[in-house]
Amino acid sequence: MNPFILALQASNLTVEIHHHAAYQIVLSTDTPFNSTIDGTLNEGIYGFLIKPHVRHLCVAEKGTLSVLNIEPYSNLGLELSTRFKENEAFTIFRSAQEIITFFGTPEHSRSVPDVIETLISKIPVLQYDDRVATIVDYIRSNYFESDITPQTFSDKVFLSPSRLAALFKEQTGSSLSKYLLWTRLRQAIYLALTEKDKSLTEIAYETGFYDLPQLNKYMYEMFGMPPKALKMNSNLILVH
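Calculation criteria
Per chain, residues are indexed from 1 in the order of the written sequence. Given that this is a predicted model, residues contribute local features only at a pLDDT of at least 70 and side-chain atom pairs are listed and counted only at 80 or more, while totals for whole chains, interfaces and linings are drawn from all residues. Hydrogen atoms and water are omitted, and side-chain values are computed over all heavy atoms in the structure. Any two of the Phe, Tyr and Trp rings considered here, Trp counted by its six-membered ring, make a pair once their centres fall within 6.5 Å; the pair's planes then place it as stacked at under 30 degrees, edge-to-face at over 60, or tilted in between. Here, over-ring charges are defined by two tests on the NZ atom of lysine or the CZ atom of arginine: distance to the ring centre within 6 Å, and angle to the ring normal within 35 degrees. When a residue's accessible area, from a 1.4 Å probe over protein chains only, is under 20% of the maximum for its type it is buried; when over 50% it is exposed; and in between it is partly exposed. Under the scheme used here, helices are H or I runs from DSSP no shorter than 4 residues and strands are E runs no shorter than 2 residues, and both carry numbers assigned from the N terminus. Within this analysis, the arc is defined by the directions that extend from the helix axis to the C-beta atoms. Contacts are assigned to residue pairs that have any heavy atoms within 4.5 Å of one another. For this document, the term salt bridge refers to a Lys or Arg side-chain nitrogen within 4 Å of an Asp or Glu carboxyl oxygen. Among buried residues, the Ala, Val, Leu, Ile, Met, Phe, Trp, Tyr and Cys ones that are joined through side-chain atoms within 4.5 Å form a nonpolar core.

Scanning all chains against the criterion turns up 11 aromatic pairs. Here the aromatic cluster, defined as three or more aromatic residues joined through ring pairs, consists of Phe4, Phe168, Tyr179 and Trp182. Lying over the aromatic face of Phe84, Lys51 brings its terminal NZ or CZ to 5.2 Å of the ring centre.

A separate point is helix H2 (residues 96-103). Of all the positions in H2, only Ile99, Ile100 and Phe103 are classed as buried. Down the axis of H2, the smallest arc covering the buried residues is 95°, so these residues share one side. Structurally, H2 contributes buried residues whose contacts are with strand E2 (23-28), strand E7 (90-93) and helix H3 (112-121). Downstream of H2 by a residue or two, Gly104 has a phi angle that is positive, lying close to 70°.

For the coordinates displayed, the defined rule picks out five salt bridges. When the shortest N-O distance is used, the salt bridge between Glu71 and Lys178 registers 3.4 Å. Of this pair, Glu71 sits in the loop between strand E6 (56-70) and helix H1 (75-81) while Lys178 sits in helix H7 (residues 176-194); the two residues are 107 residues apart in sequence, bridging distant segments of the chain. A salt bridge links Glu79 to Arg83; the shortest N-O distance between them is 3.3 Å. For the pair shown, Glu79 and Arg83 are each scored as buried. Among the charged side chains, a salt-bridge network with shared partners connects Glu195, Lys198 and Glu206.

Further remarks concern the nonpolar core. By size, the foremost hydrophobic cluster in this structure holds 34 residues, and its most contacted members are Ile135, Phe153 and Leu215. Taken together, the elements giving at least two residues each to this core come down to helix H4 (130-142), helix H5 (150-157), helix H6 (161-172), H7, helix H8 (200-206) and helix H9 (212-223). If you tally residues by element for this core, the top one is H7, at 11 residues. Residues contacting Leu215, with those up to four places away along its chain left out, are Leu185, Ala188, Leu200, Ile203, Ala204, Phe209 and Pro227. Ile25, Phe93, Phe103 and Ile123 belong to the second largest nonpolar core, which has 19 residues in total.

Below you can see the structure in the form of structure tokens.
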């Protein structure tokens, strides 16, 4: 599991114009769809890769889309940044074969697991420093604690907050706060999709957010929809 990838699969999805603070990959697993990106209408496409903060909308009233959001300053996000030409804000995939060629997935495959695997394979294998590994394990086990602070992490590994922050960024490409946020969002999305009887307020508290407005804010930034839409839309069927 890469914490800097949030991926879900959605059927019959229409998302109004929005933007978010992540790289986003949207791929059709069956039928082509339409998307307006940065003011340009793209019809009958099979997917796109888009930079952070570029406004867009998707209309896929038939078929299934896979949506992957990737933290831009993680090692994976930095690798994706190299795939854009100068002044290019997005890449359009107009056929299934273009997806396979671009990502280098196995022949005839454009599934989310295969795309994720090939993306991760581009990142050099790195053995985490023991102190970074300790913090990663701590976040995975304690993400639901809302009072976690930089000092919390510092006390676990006997480094100053500034030294630990620098070490963590050196090894992951991103920050401790982003790692914690993305871990919480992953769990919130999972609960929203799998525990329909649980209220969003409960989900927010159980995943370490201060309150529902804070969860709303980050969910909208990530997926262009509030958690209520994610939870109540029964067509959102799978989270990776």
